[in-house]
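# Structural overview
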Amino acid sequence: MTIYDIAAKAGVSASTVSRVINGRSGIGKATRERVEAILKETGFVIDEGARSLVSQKSHMVGILVSDIRNQHHIEGAYMILRRLQEEGYVCLLLNAGESPDEKAECIRILARRKIDALVLVGSAFECPEVEAAIVAHMSSIPVVFQNGSFTLANVHSALAAEDRGTEEAVDHLYEEGRRRIAYVNNADTASNRRKIAGYRRAMARHGLEPLIVPSCREDSGEAGGEATASLLANHPDVDAIIFSIDITAVGACRYILDSGRRIPDDIAVIGTDDSPYARLANPRLTSIDTKLQKLSDICCDMLLGALEGREEDKGKAYVEASLTVRETG
């Protein structure tokens, strides 16, 4: 069945059938229902390949995540994917890998698929190789960067103000009487460098000496426990620890409790992202909420605005982070 066959069967024009298929307004209820019934009865399926040839649009959006095992990033990708699917787009989700060259290659792969737009999830993509790949292969389509940025005209960014969230965490711990506050990082990314900058500013403002563990061996509870064991062996006077992600903070809590210390009496613990790990942990984890849902919504608004040519939805936006206090500090 073609669109013209459907139109003849329904007694309407082909353009009316097209408007029904594409969810456009301006069609009477009875006409819409009659056309929809015939579409369902005949099992009509749109030939997306043919439509793409006419419109020069694939209605496909690429979404890149560096590691789909990262709970925070995959949750953000899921939020964006669901919204774009509701808007009629097909999403291609790729695990880009850790190295800059792997990430750049994924951009080349998606460019060959003729996608209409690209979403980068997480600041791990904030590197020269990815920026160069966008310039070379995707300079003519919208790119939306969740929690990262490039100074390119076609790249739109939504960032969480994680540095201010980390400052708030230090301020909270200081008000609670903590004076030996350590910071445990999970990886060297642009996002984490912003968090560390906030930690350093707040520590300096309170006249405290910063103590930073550069990175865990991996993003896991076990790695968080190992980093905490090493930290406390070398600095037994530590009375509070801030972690760059929740899962390592949860592992730290397990180690601290198993070692006979009390949380938060002896050591307070704060994570980052306010993920399900924080809400389900025992004790429930105090965490810096980076407002993932709001960040994802802004990314979708920017992307759809760019695809539809709305200038007001372009540029860079910031979302404030805030501290959610629970049982660990």
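Per an unreviewed UniProt entry, the chain goes by the name LacI family DNA-binding transcriptional regulator and belongs to Candidatus Aphodenecus pullistercoris.

Turning our eyes to something else, we now look at the nonpolar core. Grouped together as the largest cluster of nonpolar side chains are 38 residues, with contacts concentrated most on Ile181, Val184, Tyr199, Leu231, Ile242 and Val269. When residues of this core are traced back to their parent elements, those giving at least two are helix H8 (162–175), strand E6 (181–184), helix H9 (190–205), strand E7 (211–213), helix H10 (221–234), strand E8 (240–243), helix H11 (246–258) and strand E9 (268–272). Dropping the residues within four chain positions of it, Ile181 is found in contact with Val170, Leu173, Tyr174, Tyr199, Met203, Leu208, Leu211, Asp239, Ala240 and Ile242.

The way to describe two aromatic rings as a pair is by their centre distance and the angle between their planes. Tallying each qualifying case throughout the model produces 2 aromatic pairs. Judged by centre distance (5.3 Å) and plane angle (40 degrees), the ring pair of Tyr183 and Tyr199 falls under tilted. Here Tyr183 is found in strand E6, whereas its partner Tyr199 is found in helix H9, with 16 residues between them in sequence. Judged by relative accessible area, which is 0%, Tyr183 ranks as buried. The class of Tyr199 is buried, set by a relative accessible area of 0%. The lysine or arginine in question, Lys103, covers the ring of Phe125, its NZ or CZ lying 5.8 Å from the ring centre.

In this model, H9 (16 residues) spans 23 Å end to end at C-alpha, consistent with the 22 Å of a helix rising 1.5 Å per residue. For H9, the full list of buried residues reads Ala190, Ser191, Asn192, Lys195, Ile196, Gly198, Tyr199, Ala202 and Met203. Taken together, the buried residues of H9 touch H8, E6, E7, E8 and E9. Just beyond H9, the residue with positive phi is Gly207, at close to 70 degrees.

Scoring rules and cut-offs
Residues numbered from 1 in each chain as written. Predicted model: local features only at pLDDT ≥ 70, side-chain atom pairs only at ≥ 80, totals over all residues. Heavy atoms only, no water. Core = buried A, V, L, I, M, F, W, Y, C linked by side-chain atoms within 4.5 Å. Buried < 20%, exposed > 50% of the residue type's maximum accessible area, 1.4 Å probe, protein only. Helix = DSSP H or I, 4+ residues; strand = E, 2+ residues; numbered from the N terminus. Contact = heavy atoms within 4.5 Å. Phe/Tyr/Trp six-rings, centres within 6.5 Å; stacked < 30°, edge-to-face > 60°. Lys NZ or Arg CZ within 6 Å of the ring centre and 35° of its normal. Expected span 1.5 Å × (residues − 1).

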